[in-house]
Amino acid sequence: MDRRKVDTIVIGSGQGGVPLAVDLAKEGQQVVLFERGLWGGTCLNYGCTPSKMLLASAHAASHARNASELGIHAEVRVDFLAVMKRIVQTKSSWSESAGNRLKDAGVETIQKEAAFAGPRMVTGGEEIIEADTVIINTGKSSFIPPIEGVKNTPYLTYETVWQLKELPKRLIIVGGGYVGCELGQAFAQLGSQVHLIHSHSLPLSREEPDVGNLIKDQLESDGVKFHLNKRAEGVQYEDGLFTVSLPGGESVEGTSLLIATGRKPNTDKLALSKGNIQLDEKGHIRVDEHLKTTADGVYAIGDVTGQPAFTHVSWEDYRRVKAILQGEDRTQMDRVLGYTIFTDPQIGRAGLSLSQAQEQGFDAQQVELPLEQVARATEVGSTRGFY
């Protein structure tokens, strides 16, 4: 097998890997980037872009249906094929642009599965490439829980749901986190009958209970039927119909099944042990505050390190690794993490919640402003929610 040396290897073309590879190449480095899938990673192809486009269509339909209080009466017809065509065309175009951006900057791209062949040595085919610096940006993929029978069925995930050509008549969603709530609301507003199974007492169980209650009430008004404090125990698929069994002999039937129970780090094919790179107890790549792995010259960024799985986290990691490589004193956590859940109403948060602050010993208080008391909210007819 042939062997050669370059300056930097980047594994993965997500929202951190692409700009880092581009910047280093423009500075004169010889950069090789490996990508086993589509250019742009999860955000462009399966996450941010398609989900927010689906929500835009769904929210438009919902706002039109509910505009009577503003004196507007509309009859809404959803063209689901047109909705999905817009999504597929946009994400395909943007993914192609990400690949062109790399090539235009002089990055050598290899569309193959990467694996370590030794310390700072990566193979993806017929040769071994060695580099002074390696950055891992492989992200995560769907985690499928060990539900009896599910693997023998044509279930959907956030990665495959974009292949739908028809609106599901009756959609079952397992998981009430960010993905489950966003897609659950979207499909309900587009016209699907949605059943959402969640093992906690409220959706978005990582948030404060008042947030979970608000989203539960909103999604129920959109038509979502919740099955809370319940786990899917088994799945059967026959004659185009899914049957999900729940505790106590209860079951839910649907024409489509979406599994949204979290994500797992993409590390299993990397042969990390050959590169002296260690994982933590949950399978994430172990990094220090400077995003260094346990191997000299190897860094990891984004959600493969166990950080919150948001695009801007990977982007901020890119900025920090670039600064660290240039000798600056930056750390992984020299930032306040903010994020948004794009349900309607949207949920935005930065920093600690009240309960988290109190658990850490802060003398914290909470002040709440209902949107009903905000003039602008009344003027535009959007008073559900609070600051």
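Residues numbered from 1 in each chain as written. Predicted model: local features only at pLDDT ≥ 70, side-chain atom pairs only at ≥ 80, totals over all residues. Heavy atoms only, no water.

K.L.:
Could you give an account of the overall build of the protein, naming the residues involved and the relevant values?
P.N.:
A count of helices and strands for the protein gives 9 helices and 18 strands. Against the compact-globule benchmark of 21 Å for 387 residues, the protein has a radius of gyration of 23 Å, which places it among compact chains. The buried share among the 387 residues of the protein stands at 48%. If you take every contact in the protein between residues at least 6 apart in sequence, the share linking residues at least 24 apart comes to 62%. (Helix = DSSP H or I, 4+ residues; strand = E, 2+ residues; numbered from the N terminus. Rg over C-alpha atoms; globule rule 2.2 N^0.38 Å. Buried < 20%, exposed > 50% of the residue type's maximum accessible area, 1.4 Å probe, protein only. Contact = heavy atoms within 4.5 Å.)

K.L.:
Outline the pattern of salt bridges, listing residues and values.
P.N.:
Scanning all chains against the criterion turns up 18 salt bridges. Across the salt bridge formed by Asp-23 and Lys-322, the nearest N and O atoms sit 3.0 Å from each other. Taken as a pair, Asp-23 in helix α1 (residues 17-26) and Lys-322 in helix α7 (residues 311-325) lie far apart in primary sequence, 299 residues in all. We classify Lys-322 as partly exposed; its relative accessible area is 22%. What emerges from the salt-bridge pattern is a single network uniting Glu-316, Arg-319, Arg-320, Arg-330 and Asp-334. (Salt bridge = Lys/Arg side-chain N within 4 Å of Asp/Glu carboxyl O.)

K.L.:
Account for the sheet that holds strand β10 (residues 225-228), with residues named and values stated.
P.N.:
A sheet is described by the order of its strands in space; here 4 strands give the open sequence β10-β9-β8-β14, paired in parallel fashion. Both edges of this open sheet fall to β10 and β14 (256-259), since each of them pairs with a single strand only. For this sheet, the mean angle separating the axes of adjacent strands, direction not counted, is 15°. Alignment of strand β9 (residues 193-198) against β10, held across 4 bridges, turns out to be parallel. Residue pairing for β10: Ile-197 is matched across the bridge by His-227. (Pairing = 2+ DSSP bridges. Axes fitted to C-alpha atoms, helices over the stretch in contact; angles between N-to-C directions.)

K.L.:
Can you explain the pairing of strand β4 (residues 115-118)? Please cite residues and give values.
P.N.:
Here β4 pairs with strand β5 (residues 121-123) via 3 bridges, running antiparallel. Along β5, the bridge assignment pairs Phe-116 with Val-122. Turn length for the β4-β5 hairpin, with the two strands adjacent in sequence and antiparallel, is 2 residues, and the turn residue Arg-120 shows positive phi of about 55°.

K.L.:
A description of the packing of aromatic side chains should follow, citing residues and the corresponding values.
P.N.:
Summed over the entire model, instances satisfying the criterion amount to 6 aromatic pairs. Ring plane angle 45° and centroid distance 6.3 Å describe the contact between Phe-80 and Phe-187, whose orientation is recorded as tilted. Taken together, the residues span a long stretch of sequence, with Phe-80 in helix α4 (residues 80-104) and Phe-187 in helix α5 (residues 178-190) at a distance of 107 residues. Across this residue pair, the class does not change: Phe-80 and Phe-187 are buried. (Phe/Tyr/Trp six-rings, centres within 6.5 Å; stacked < 30°, edge-to-face > 60°.)

K.L.:
Give a description of the layout of surface pockets that names residues and reports values.
P.N.:
Roughly 730 Å³ of internal volume is contained in the second largest pocket. For the second largest pocket, the lining is made up of 29 residues, of which Val-211, Ile-347, Gly-348, Phe-386 and Tyr-387 are closest to its centre. When contributions to the lining of the second largest pocket are tallied by element, the ones reaching two or more residues are α6 (209-222), β18 (347-350), α8 (354-359) and α9 (375-380). Element by element, the count of residues in the lining of the second largest pocket is highest for β18, at 4 residues. Here the lining of the second largest pocket is composed, by residue class, of 15 nonpolar, 7 polar and 7 charged. (1 Å grid on protein atoms, 1.4 Å probe; cavity = no way out; pocket = protein on both sides within 12 Å on 5 of 7 lines; lining within 4 Å. Points joined across faces, edges and corners; volume = space filled by probe spheres on them. Nonpolar A, V, L, I, M, F, W, Y, C, P; charged D, E, K, R; others polar.)

K.L.:
Run through the side chain of Gln-185, naming residues and quoting values.
P.N.:
For Gln-185, the position within the fold is in helix α5. Look past the residues within four positions of Gln-185 in its chain and what remains in contact with it is Leu-55, His-59, Gln-218, Leu-219, Asp-222, Thr-343 and Asp-344.

K.L.:
Give a description of the packing of α5 against α6 that names residues and reports values.
P.N.:
The geometry of α5 relative to α6 is characterised by a closest axis approach of 9 Å and an angle of 25° between their N-to-C directions. By the angle between their directions, the pair α5 and α6 is classed as roughly parallel. In this structure, α5 crosses over α6, and the sense of that crossing is left-handed. Contacts from Cys-181, Gln-185, Ala-188 and Gln-189 of α5 reach α6 at Ile-215, Gln-218, Leu-219 and Asp-222. Of the residues belonging to the contact of α5 with α6, the class tally is 4 nonpolar, 3 polar and 1 charged. (Parallel < 35°, antiparallel > 145°, perpendicular 65-115°, else oblique. Left-handed = near helix turned anticlockwise from the far one by under 90°.)

K.L.:
Go over unusual backbone geometry, please, and point to the residues and values.
P.N.:
Across the junction of Asp-344 and Pro-345, the peptide omega takes the value 5°, indicating a cis bond. Looking at the element boundaries, Pro-345 is found in the loop between β17 (338-341) and β18. Residue Asn-229 is not a glycine yet carries a positive backbone phi of 55°. Mapping Asn-229 onto the fold places it in the loop between β10 and β11 (234-238). For Asn-229, a relative accessible area of 53% puts it in the exposed group. Although it is not a glycine, Ala-271 adopts a positive phi angle of roughly 50°. Its place among the elements puts Ala-271 in the loop between β15 (263-265) and β16 (298-300). Its relative accessible area of 25% is what places Ala-271 among the partly exposed residues.

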